[in-house]
Amino acid sequence: MSLLRIKANVARKTASNHLASFRFSRLIHSLQFATVKAEEISGSQPAEVQNLVQGNWFKSANWNTLVDPLNGESFIKVSEVDESGIKPFVDSLSKCPKHGMHNPFKSPERYLLYGDISAKAGHMLSLPEVSDFFAKLIQRVAPKSYQQALGEVYVTGKFLENFSGDQVRFLARSFGVPGNHLGQQSHGFRWPYGPVAVITPFNFPLEIPLLQLMGALYMGNKPILKVDSKVSIVMEQMLRLLHDCGMPVEDVDFINSDGKTMNKILLEAKPRMTLFTGSSRVANKLADDLNGKVKLEDAGFDWKILGPDVHEVDYVSWVCDQDAYACSGQKCSAQSMLFMHENWSKTSLMRQLSDLAARRKLEDLTIGPVLTFTTEAMLDHMKKLLQIPGSKLLFGGEELENHSIPKVYGAIKPTAVFVPIEEILKGENYELVTKEIFGPFQIITEYKDNQLPLVLDALERMHAHLTAAVVSNDPLFIQEVVGKTVNGTTYAGLRARTTGAPQNHWFGPAGDPRGAGIGTPEAIKLVWSCHREVIYDVGPVPLKWQIPPST
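Since the structure is predicted, the reported quantities are computational estimates derived from the model, not experimental observations. (Residues numbered from 1 in each chain as written. Predicted model: local features only at pLDDT ≥ 70, side-chain atom pairs only at ≥ 80, totals over all residues. Heavy atoms only, no water.)

A. The overall build of the protein, seen in detail. The number of helices and strands found in the protein is 19 helices and 20 strands. Taking 551 residues into account, the globule formula puts the C-alpha radius of gyration at 24 Å, and the protein, at 27 Å, falls close to it. Its C-alpha atoms give the protein principal-axis dimensions of roughly 90 × 85 × 60 Å. Out of the 551 residues in the protein, the part that is buried amounts to 54%. Taking the contacts inside the protein whose residues are at least 6 apart along the sequence as the reference set, 75% of them involve residues at least 24 apart. Accessible area of the protein: about 24500 Å², with a carbon and sulfur share of 54%. Charge centroids of the protein, computed over 57 positive and 59 negative side chains, lie 6 Å from each other. (Helix = DSSP H or I, 4+ residues; strand = E, 2+ residues; numbered from the N terminus. Rg over C-alpha atoms; globule rule 2.2 N^0.38 Å. Buried < 20%, exposed > 50% of the residue type's maximum accessible area, 1.4 Å probe, protein only. Contact = heavy atoms within 4.5 Å. Areas by Shrake-Rupley, 256 points an atom, 1.4 Å probe, with all protein chains shown as cover. Lys, Arg positive; Asp, Glu negative; His and termini not counted. Charge placed at Lys NZ, Arg CZ, Asp CG, Glu CD.)

Right under this line is the structure:
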């Protein structure tokens, strides 16, 4: 080998070593916040989740051991606070004044601080090694496909980018109106609540808590954050990342506890506002306990209507499958009921829905564990539906094969049950048919041109109004349906879907004054601030003014 070739090989190896060294050092730097490795969490190497209060991470004496949703192995130990340990959290919230940590007249530099924190955190989540870390951590505790988990991280990162720089202070933009005389002006301001609480569920372990938490912080509030213990490890790691990005450690308290303990904290600390995302039952209890000082994003029995104009059957079939069964149906926006115009039944739609559902496999987590319903409970619900005259099982309806999912969770194949529209509307059937099953389960029905009023009647009687889809390019049909429905996030058009909570549009229910939104400036201002009017009246008093008669 020539000397020139030897030198070239040495140069290539040296460059390769430098690149590997750079990648390794960047990885160590990017993940220096992390205290766990997602792939290594196991029974022999269980992860631990701590609490944070008044700037200090700590472990309580009580440990809740979580089992792996895929194999039943004990793999995460969550340090949970019981009722005897709530005083530091109550004290921390109580120290925050009603006027908040910052507002337009107090510590306005904190608006800029959170713009900087958001920019740094958004950049961190854009790094492949960091986004991969969170995607895989999400998969460990809320099993979903890697693409779905990574999508959650992506939306979270884009949200943070959206509120970098001056965008946080723009949230607090005020307005002025001229007064009745010289020296008088009225100014409207967005004002924080001060001490607040954020309570979020298991299904989006990063996106929902992070977006709501940051909204609370942007507007000047001091939040206590409680995430479902089954998945709280994700936000524990995200808080550590935020601290690395400059967030003061005292700004957020983070607690792991059961519902009873958290309820006691809320009753004693009396936060000025509580954001709750979860079941309607708990939402209504909190609304009563907290005298209405709540914003809610509760249950979603979400519907889709396929209009009379049939287009792009392959595409519509794929979207229907994604809406009903991605994340194993565990989205508050999941398609729970499909109203299909009879024209669609003459196409390959139903066959394609069955074929697409059959593609979903436990191996790639395109179908997986259901964390709030057991297999038995979902199949029992199906059996009750099949007792309705004219109903039939379209596909699914069986337990997953060759799985090791613990019995405390659910494991069924993607399932669809057909129920005639006339039967759905009967008083003895309606509540059963519209019961939300937070899993891979949907109702499908069919309607004719003259039965659209029946469909609209079914929608009018529903209690949850989160997402909806009107799949049609007929403007008159869209106008009819949208004009007679309520759902806060409604997609309309050929490509309409029910799922998808990106960072670029409002996501939340409508029709309820307690309804909370997420993700947009309008949502943040609605949920995390209130209106305050300051009227300046500085004079001068008119020359030769005299005290007028009493009125």
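Still more ground to cover, so stick around.
B. Layout of the sheet that holds strand E17 (residues 441-447). Pairing is mixed in the open sheet, where seven strands are placed in the order E15-E16-E17-E14-E13-E18-E19. One side of each edge strand has no neighbouring strand; the edge strands of this open sheet are strand E15 (392-395) and strand E19 (489-492). Averaged over all pairs of adjacent strands, the angle between their axes in this sheet comes to 20°, without regard to strand direction. (Pairing = 2+ DSSP bridges. Axes fitted to C-alpha atoms, helices over the stretch in contact; angles between N-to-C directions.)

C. Expanded view of helix H4 (residues 128-141). Between the first and last C-alpha of H4 there are 20 Å, a value that for 14 residues agrees with the 20 Å anticipated at 1.5 Å per step. The complete set of buried residues in H4 reads Glu129, Val130, Ser131, Phe133, Phe134, Ala135, Leu137, Ile138, Gln139, Arg140 and Val141. (Expected span 1.5 Å × (residues − 1).)

D. Here's a closer look at the side chain of Thr277. When you line up the elements, Thr277 lands in strand E11 (residues 273-277). In contact with Thr277, other than residues within four places in its own chain, are Ile199, Thr200, Pro201, Ile208 and Glu297.

E. Up close: the packing of helix H3 (residues 109-126) against H4. One way to put it is that H3 packs onto H4 with a least axis distance of 5 Å and a crossing angle of 80°. Our classification of the angle between H3 and H4 gives roughly perpendicular. Here H3 contributes Met124, Leu125 and Ser126 to the contact with H4, which in turn contributes Pro128, Val130, Ser131 and Phe134. Along the lines of polarity and charge, the residues of the contact of H3 with H4 split into five nonpolar, two polar and no charged. (Parallel < 35°, antiparallel > 145°, perpendicular 65-115°, else oblique. Nonpolar A, V, L, I, M, F, W, Y, C, P; charged D, E, K, R; others polar.)

F. Structural view of the packing of aromatic side chains. Taken as a whole, this structure holds 13 aromatic pairs when the rule is applied. A centroid spacing of 6.0 Å and a plane angle of 50° characterise the contact between Tyr315 and Trp318, whose relative ring orientation is tilted. Separated by three residues within a single helix, Tyr315 and Trp318 lie in helix H11 (residues 313-325), roughly one turn from each other. Its relative accessible area of 39% is what places Trp318 among the partly exposed residues. The aromatic ring of Phe418 is capped on one face by Lys392, whose charged end is 5.5 Å from the ring centroid. When the ring centre of Trp191 is taken as origin, the NZ or CZ atom of Arg532, which lies over that ring, is 4.5 Å away. (Phe/Tyr/Trp six-rings, centres within 6.5 Å; stacked < 30°, edge-to-face > 60°. Lys NZ or Arg CZ within 6 Å of the ring centre and 35° of its normal.)

G. Representation of the sheet that holds strand E4 (residues 62-67). Read from one edge to the other, the open sheet built from three strands follows the order E1-E5-E4, with strand pairing classed as mixed. Both outer strands of the open sheet, strand E1 (47-49) and E4, are each paired with one neighbouring strand and no more. Here the strands of the sheet are splayed against their neighbours by 25° on average, with no regard to which way each runs. Direction of pairing for E4 relative to strand E5 (residues 74-80): antiparallel, over a ladder of six bridges. Looking across to E5, one finds that Leu66 is bridged to Ile76.

H. Representation of a nonpolar patch on the surface. Judged by side-chain polarity, Phe105, Tyr536 and Val538 come together as a nonpolar surface patch covering roughly 330 Å² of accessible area. Here Val538 lies in the segment after strand E20 (530-537). Given a relative accessible area of 69%, Val538 falls into the exposed group. (Patch = residues over 30% accessible without salt bridge, like charges linked within 9 Å, V, L, I, M, F, W, Y side chains within 5 Å. Salt bridge = Lys/Arg side-chain N within 4 Å of Asp/Glu carboxyl O.)

I. Fine view of the pattern of salt bridges. Enumeration over the complete set of coordinates arrives at 25 salt bridges. Here Lys260 and Glu83 are joined by a salt bridge, their closest N and O atoms 3.8 Å apart. Taken together, the positions of Lys260 in helix H9 (residues 259-269) and Glu83 in the loop between E5 and helix H2 (87-94) put the pair 177 residues apart, joining distant regions of the chain. We classify Lys260 as exposed; its relative accessible area is 61%. The class for Glu83 is partly exposed, based on a relative accessible area of 32%. Ionic pairing is found between Asp132 and Lys136, a salt bridge with its closest N-O pair at 3.2 Å. Within this pair, Asp132 and its partner Lys136 are both found in helix H4, separated by four residues, close to a single helical turn. Here Asp132 falls in the partly exposed class, since its relative accessible area comes to 22%.

J. Here's a closer look at the side chain of His102. In this structure, His102 sits in the loop between H2 and H3. At 3.0 Å, the side chain of His102 forms a polar contact with the side chain of Arg110. Among the polar contacts made by the side chain of His102, one reaches the main-chain carbonyl oxygen of Tyr218 at a distance of 3.0 Å. Once residues within four sequence positions are removed from consideration, His102 is found in contact with Ser107, Arg110, Tyr111, Pro192, Leu217, Tyr218, Met219 and Gly220. (Polar contact = N/O pair within 3.5 Å; in protein donor to acceptor, adjacent residues only side chain to side chain.)

K. Representation of the pairing of E17 within the structure. Burial analysis of E17 places six of its seven residues in the buried class, the great majority of the element. Note: strand E14 (residues 335-341) against E17, five bridges, orientation parallel. Paired with His341 across the two strands is Tyr447, which belongs to E17.

Distances and angles like these do not, on their own, reveal function.
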